[in-house]
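Coordinate analysis (summary)
As a plain string of letters, each chain reads:
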Amino acid sequence: LSFILIFWQVNSTEVRSGLSNFRQHAEHSQAFGPIYIVLLLMPVNWLIESVKWKLLTNDFYPQSFMLCARGVLSGIAISFFTPNRSGDFAGRILHLPASERINGAVHSLAGSIAQLLITLTAGIVALVIVFEKIFEINELFSSFIYIVLPLALIAFHVLFFRIPMFGNYLSHIKLNYKWIEKVSAIKNISRILLLKVYALSMLRYFVFTLQFWILLQSFGDIYSGWLPLALIMISFLFISVIPSFALSEIGIRGSVCIFLFSAVGYNGTDALVISVAIWMINVVLPAIAGAVSMLYFKLSN
């Protein structure tokens, strides 16, 4: 099913058109160097995520780095079937013993929240900086952007670093359910571990932002400066909060990029083409590898 869905997405009109345009641009401008750099950064991207997953699993079930990498890739493949790739944890816990899967799901959630927090932070900061260049000034909307969002961001960070506190609350629930006992194990996650996971999430965010920026530079000097970088961060923000399934994800990515870049006078098609290329490199290729890695999974009682 993973292979079928991946093929269906890659064979869609938007993807084929975007890749065709990107290939023509690369051949016309001889911009193959940036493509090679972005391809080399792809394994770096998922290597960082594998290190993050290993740190989290070491907290309850130490496993080899290869098994952690296999779990991360499997998660990418399975997440094709879930909204906003929320099912990423399912692929990871398949490679854990049955007795540790609830624990693994909870720890995976902590890693996902850290990555989302980085995306929200960078995107909201960029949005505050360029807000007036993109949207019409409205008093109510401005208050939301300049006051509510930053305050919400601070609150989210406080809650993230107090995740162990929720484990303490769960451990005091007097219900005879094994899953509550497993989930309450998050009280053992140290703040040092959360800080390490947060730092790795920041490093990974830097890598895939750099990938987008490198390809954008190949379209001309017009994209130099801080504004295109801010637009990239805002696009990641919008993509992460807009509900989507795999079948509509590439359309949403393209629409967001076209809207943002066109709003400030850039060619939205350039951003659309790059978003398709980045999606192919960072999502489709690892998802194919993840579908293969799932062949190693053996069902146990």
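All figures in this text were calculated on a predicted structure; none of them were measured in a lab.

1. A few points about the overall build of the protein
Regarding its fold elements, the protein presents 13 helices and zero strands. Along the chain direction, N to C, the helices and strands of the protein fall in the order α-α-α-α-α-α-α-α-α-α-α-α-α. Taking all 301 residues of the protein together, 49% fall into the buried category. For the protein, restricting intrachain contacts to residue pairs at least 6 apart in sequence, the fraction spanning at least 24 positions comes to 73%. Within the structure as shown, the protein displays about 15100 Å² of accessible surface, and the carbon and sulfur contribution to it stands at 69%.

2. Remarks on a nonpolar patch on the surface
Together, F141, F144, Y146, I147, V148, L151, I154 and V158 line one region of the surface with nonpolar side chains, adding up to about 720 Å² of accessible area. Looking at where F141 falls in the secondary structure, it is placed in helix α7 (residues 139-160).

3. Details of the packing of aromatic side chains
In total, this model carries eleven aromatic pairs according to the counting rule given. Between F161 and Y198, the aromatic rings sit 5.7 Å apart at their centres with planes inclined by 55 degrees, giving tilted as the arrangement. Of this pair, F161 sits in the loop between α7 and α8 (163-171) while Y198 sits in helix α10 (residues 191-217), and the two are 37 residues apart along the sequence. Assessed through its relative accessible area of 13%, Y198 is described here as buried. On the basis of an interplanar angle of 85 degrees and a centroid distance of 5.3 Å, the ring pair of F208 and F236 is categorised as edge-to-face. With F208 in helix α10 and F236 in helix α11 (residues 226-241), this pair connects stretches of sequence that are 28 residues apart. The exposure class of F208 is buried, given its relative accessible area of 14%. On the basis of relative accessibility, which here comes to 11%, the residue F236 falls in the buried class. Among the aromatic residues, those joined into a ring-pair cluster are Y205, F208, F212 and F236.

4. Brief notes about the side chain of R101
Note on placement: R101 falls in helix α6 (residues 101-134). E100 provides the closest opposite charge to the buried, unpaired R101, separated from it by 9.8 Å. Looking at R101, its side chain comes within polar contact range of the main-chain oxygen of L96, at 3.0 Å.

5. What about the pattern of salt bridges?
For the structure shown, the criterion picks out four salt bridges. The salt bridge partner of E49 is K52, with a shortest N-O separation of 3.1 Å. Linking E49 with K52, this pair stays in helix α3 (residues 32-57), spanning three residues, or about one helical turn. No difference in accessibility class separates E49 from K52, as the two residues are buried. Three or more residues joined by partner-sharing salt bridges are found here, namely E49, K52, D88, R92 and R204.

Procedures and definitions
Residues numbered from 1 in each chain as written. Predicted model: local features only at pLDDT ≥ 70, side-chain atom pairs only at ≥ 80, totals over all residues. Heavy atoms only, no water. Helix = DSSP H or I, 4+ residues; strand = E, 2+ residues; numbered from the N terminus. Buried < 20%, exposed > 50% of the residue type's maximum accessible area, 1.4 Å probe, protein only. Contact = heavy atoms within 4.5 Å. Areas by Shrake-Rupley, 256 points an atom, 1.4 Å probe, with all protein chains shown as cover. Patch = residues over 30% accessible without salt bridge, like charges linked within 9 Å, V, L, I, M, F, W, Y side chains within 5 Å. Salt bridge = Lys/Arg side-chain N within 4 Å of Asp/Glu carboxyl O. Phe/Tyr/Trp six-rings, centres within 6.5 Å; stacked < 30°, edge-to-face > 60°. Lys, Arg positive; Asp, Glu negative; His and termini not counted. Polar contact = N/O pair within 3.5 Å; in protein donor to acceptor, adjacent residues only side chain to side chain.

Interpretation in functional terms is not warranted from these geometric data alone.
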